[in-house]
Amino acid sequence: MKVKSIFFCFLILVLLVCFTSFAFAAGTKEVFGLKDIPEIKNKRPLNTIVETGMVWDKIMPYIEKFTKATGVKVNVERVASPVVYSKENMELMAETGYYDVVYVETSWTTEWSEYLYKLEDLASKWDPKGVAGFREDVANHSPSILICGQAYGDQMVLPFYTYHMGMFIREDVFNDPTEKANFRAKYGYDLKPPTTDAELYDQGEFFTRKKGELLKGKPLAHDLYGLAMMAGAYQINDDISCRIWGKGSDYVTVVRNPDGSLKEFVITRRNREALRECLLEYKRELQWCSPGCLTANFDFVVAQQGEGRAIIQAQQFSNCFAWTAGMLKENVPDGKLGIYPTVGGQPYTGAWSMGVAKASKNPEAAYWLVRYIASFECQEAVQKEGGQLSTRMDVLSDPVWQSAENRYPFGILCDYLRDIWPKQAKYVPNYWYFNTKAGGKVYEMQMDVFHKPMGMEATLDEAVAEAVAKTVELTSKFDKTVPIREEK
């Protein structure tokens, strides 16, 4: 499983210092909160499982507030992120009802949809404001992230925090007059955040330098790499997703009936070609990365840029931005980051989310706990206290992020997410991960297969063939609702 819970020491410190005494009122608009939860008749305790980490440390007091307000105790089991899927999957498939509230990475949503309640069905049963009230509140969340939490058009989960990806660049280097002039002289066009793979390749080459060479007119104390990418057999598929979606393709094409329902999944010739192109481009660009990137996860890549050893993180989780900025400030005092869409403008997207198990012995209370954790009050705590990124637009729109002391890095990060989410929302409904019950299984498989050609364990063609064959095999086995075929 992806490890998305990142301990941002710098972020937490700054947030706590800046916002301990700050109370933000969300205009005059009434927002859902504990006061809106009616008397819950079923007092049976709830069980849930979540990650370890700072963000849940900060949310635990809010769960205690829920218990005090409703009289329903919540038992929270906390485990490392990679363990969440296996523990929950066993209980869901056995329909034990052990976990009332299910912690869901969005690529698992459709896979687990038969074991989860449709949240609007629960709203119609227990919410005094009905489905309309439910929709009014959840509409405050990112439109694209909400779609990730749907299965066949129904909202199955509500988001907790996001890791929507972006490209981090050294803004101070890109704006340096000498670097700009030298780049234009060598490549014949202006230095700017790359929007094509060709530009990314050029910039990776341009900024890769040896110790003693100049950067911004000063000799380097160490080798410098143009790029930093996490090519290890763990999250390389998130990098590849950014690239294949950015080409207007996918691992599998979603084919719909005239009424919008799913007809079939097809691995087209273009899907295969796009995947090979992505792997080839990625492999070529690794020459502009530290050799350590070959086995890297997000922490190594962040450190590369944060220590001043890399200029561009080509694809990175947005919840690493403030962490990288804090590290860079410590190591390169005049360094400054910018965040932009990944090449092609369709970064890997998703969130950790929460839903209600059908086998729950107390779906009434479970529904209200899911609603509360997605509420403005808890989501504000996710971002201001827990150091993670809320998916609520009203939290990201808080003027405090745009104050002089917080504009960098928090304000520009909030601006990036608020800008890209509506743009990407039109694409997300057809991303294959979010339409198949085999999404989680295929995701796990891709980690190893996409890494192989980077580590010389397979050729590009062998990796594509293996990915295609296993995608067909896993989807045929775990998604009986939609047929899959490979276009010859």
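Residues numbered from 1 in each chain as written. Predicted model: local features only at pLDDT ≥ 70, side-chain atom pairs only at ≥ 80, totals over all residues. Heavy atoms only, no water.

Participant: Could you give an account of the overall build of the protein chain, naming the residues involved and the relevant values?
Facilitator: Regarding its fold elements, the protein chain presents 19 helices and 16 strands. A compact globule built from 488 residues should have a C-alpha radius of gyration of about 23 Å, and the protein chain, at 23 Å, falls within 12% of that. For the C-alpha atoms alone, the extent of the protein chain along its principal axes is close to 70 × 60 × 35 Å. Among the 488 residues that make up the protein chain, the fraction classed as buried is 60%. Taking the contacts inside the protein chain whose residues are at least 6 apart along the sequence as the reference set, 75% of them involve residues at least 24 apart. Accessible surface for the protein chain amounts to roughly 18,600 Å². Of this, 55% is attributable to carbon and sulfur atoms. (Helix = DSSP H or I, 4+ residues; strand = E, 2+ residues; numbered from the N terminus. Rg over C-alpha atoms; globule rule 2.2 N^0.38 Å. Buried < 20%, exposed > 50% of the residue type's maximum accessible area, 1.4 Å probe, protein only. Contact = heavy atoms within 4.5 Å. Areas by Shrake-Rupley, 256 points an atom, 1.4 Å probe, with all protein chains shown as cover.)

Participant: For the packing of helix H13 (residues 321–331) against helix H17 (residues 407–424), give the residues involved together with the corresponding values.
Facilitator: Between H13 and H17, the least distance of the axes is 10 Å, while the angle of their chain directions is 155°. Considered as vectors, H13 and H17 are oriented roughly antiparallel to each other. For H13 against H17, the interelement crossing comes out right-handed. Packed against H13, whose contacting residues are Phe321, Ala322 and Ala325, the element H17 presents Tyr408, Pro409, Phe410, Ile412 and Leu413 at the interface. (Axes fitted to C-alpha atoms, helices over the stretch in contact; angles between N-to-C directions. Parallel < 35°, antiparallel > 145°, perpendicular 65-115°, else oblique. Left-handed = near helix turned anticlockwise from the far one by under 90°.)

Participant: A description of the packing of aromatic side chains should follow, citing residues and the corresponding values.
Facilitator: Two numbers describe a pair of aromatic rings. These are the distance of the centres and the angle of the planes. Scanning the entire structure with this criterion turns up 37 aromatic pairs. For the pair tryptophan 108 and tryptophan 112, a centre-to-centre distance of 5.1 Å together with 55° between the ring planes defines the contact as tilted. Each of the two residues, tryptophan 108 as well as tryptophan 112, counts as buried. Measuring from ring centre to ring centre gives 6.3 Å for tyrosine 348 and tyrosine 433, while their planes differ by 80°; the resulting arrangement is edge-to-face. In this pair, tyrosine 348 sits in the loop between strand S14 (337–340) and strand S15 (351–356) while tyrosine 433 sits in the loop between H17 and helix H18 (439–451), placing the two residues 85 residues apart along the sequence. By the ring-pair criterion, three or more aromatic residues cluster together here, those being Tyr163, Trp245, Tyr251, Phe298, Phe317, Trp323, Tyr348, Tyr431, Tyr433, Phe434, Tyr443 and Phe450. The residue whose ring lies beneath lysine 441 is phenylalanine 478, and the NZ or CZ to ring-centre distance is 4.7 Å. (Phe/Tyr/Trp six-rings, centres within 6.5 Å; stacked < 30°, edge-to-face > 60°. Lys NZ or Arg CZ within 6 Å of the ring centre and 35° of its normal.)

Participant: Give a detailed account of the packing of helix H11 (residues 269–285) against helix H19 (residues 460–478), specifying residues and quantitative values.
Facilitator: With their axes 10 Å apart at the nearest point, H11 and H19 run at an angle of 135° to one another. The angle between H11 and H19 falls in the class oblique. Where H11 crosses over H19, the handedness of that crossing is right-handed. Across the interface between the two elements, Arg272, Leu275, Arg276, Leu279, Leu280 and Lys283 from H11 touch Leu460, Asp461, Ala463, Val464, Ala467 and Val468 from H19. Counted by class, the contact of H11 with H19 contains eight nonpolar, no polar and four charged residues. (Nonpolar A, V, L, I, M, F, W, Y, C, P; charged D, E, K, R; others polar.)

Participant: Tell me about the nonpolar core, and name the residues and values.
Facilitator: Grouped together as the largest cluster of nonpolar side chains are 157 residues, with contacts concentrated most on Trp56 and Phe66. Residues contacting phenylalanine 66, with those up to four places away along its chain left out, are Leu34, Ile37, Ile40, Leu46, Gly71, Val72, Val74, Ala365, Trp368, Leu369 and Tyr372. (Core = buried A, V, L, I, M, F, W, Y, C linked by side-chain atoms within 4.5 Å.)

Participant: For the sheet that holds strand S10 (residues 225–228), give the residues involved together with the corresponding values.
Facilitator: Spatial ordering of the open sheet is given by S10-S13-S7-S14, a layout of four strands whose pairing is mixed. Two strands lie at the open edges of the sheet, namely S10 and S14, each paired on one side alone. Strand-to-strand twist of the sheet, defined as the mean angle between neighbouring strand axes without regard to direction, takes the value 20°. Looking at chain direction, strand S7 (residues 165–170) and S14 are connected through four bridges and run antiparallel. Paired with phenylalanine 168 across the two strands is isoleucine 339, which belongs to S14. Packed on one face of the sheet, helix H9 (residues 197–207) meets S10 and strand S13 (310–317) and runs near 130° to S10. (Pairing = 2+ DSSP bridges.)

Participant: Before we move on, can you summarise empty space enclosed by the protein with the specific residues and values?
Facilitator: Under the counting rule described, the total for this entry stands at two cavities of 30 Å³ or more. In this structure, the second largest cavity is lined by Tyr251, Val252, Ile267, Asn271, Arg272, Leu275, Gln446, Phe450, Ala467, Val468 and Thr471. Secondary-structure elements contributing two or more residues to the lining of the second largest cavity are H11, H18 and H19. Among the residues making up the lining of the second largest cavity, the classes are represented as seven nonpolar, three polar and one charged. (1 Å grid on protein atoms, 1.4 Å probe; cavity = no way out; pocket = protein on both sides within 12 Å on 5 of 7 lines; lining within 4 Å. Points joined across faces, edges and corners; volume = space filled by probe spheres on them.)

Participant: Describe the confidence of the model for the protein chain, naming the residues involved and giving the relevant values.
Facilitator: Averaged over all residues, the pLDDT of the protein chain equals 93, while 94% of them reach at least 70. Confidence drops under a pLDDT of 50 for residues 1–28, and excluding neighbours within four residues, the segment shows 86 contacts in the predicted structure. (pLDDT = per-residue confidence, 0-100.)

Participant: Please set out the sheet that holds strand S16 (residues 484–486) residue by residue, giving values where relevant.
Facilitator: If you walk across this open sheet you meet the three strands as S11-S12-S16, and the pairing is mixed. Both edges of this open sheet fall to strand S11 (253–256) and S16, since each of them pairs with a single strand only. For this sheet, the mean inter-axis angle between neighbouring strands, taken without regard to orientation, is 30°. In the sheet, strand S12 (residues 262–267) pairs with S16 via three bridges, with the strands oriented parallel. Residue pairing for S16: phenylalanine 265 is matched across the bridge by isoleucine 484. Across the sheet, H11 lies against S11, S12 and S16, angled at about 50° from S12, the strand it touches most. Across the sheet, H19 touches S12 and S16, and the angle it forms with S16 is around 160°.

Participant: Describe the environment of histidine 164, with residues and values.
Facilitator: Relative to the assigned elements, histidine 164 resides in the loop between strand S6 (157–162) and S7. On the basis of relative accessible area, histidine 164 is assigned to the buried category, the value being 0%. The spatial distance from the C-alpha of histidine 164 to the C-alpha of tryptophan 421 is 8.9 Å, given a sequence separation of 257 residues.

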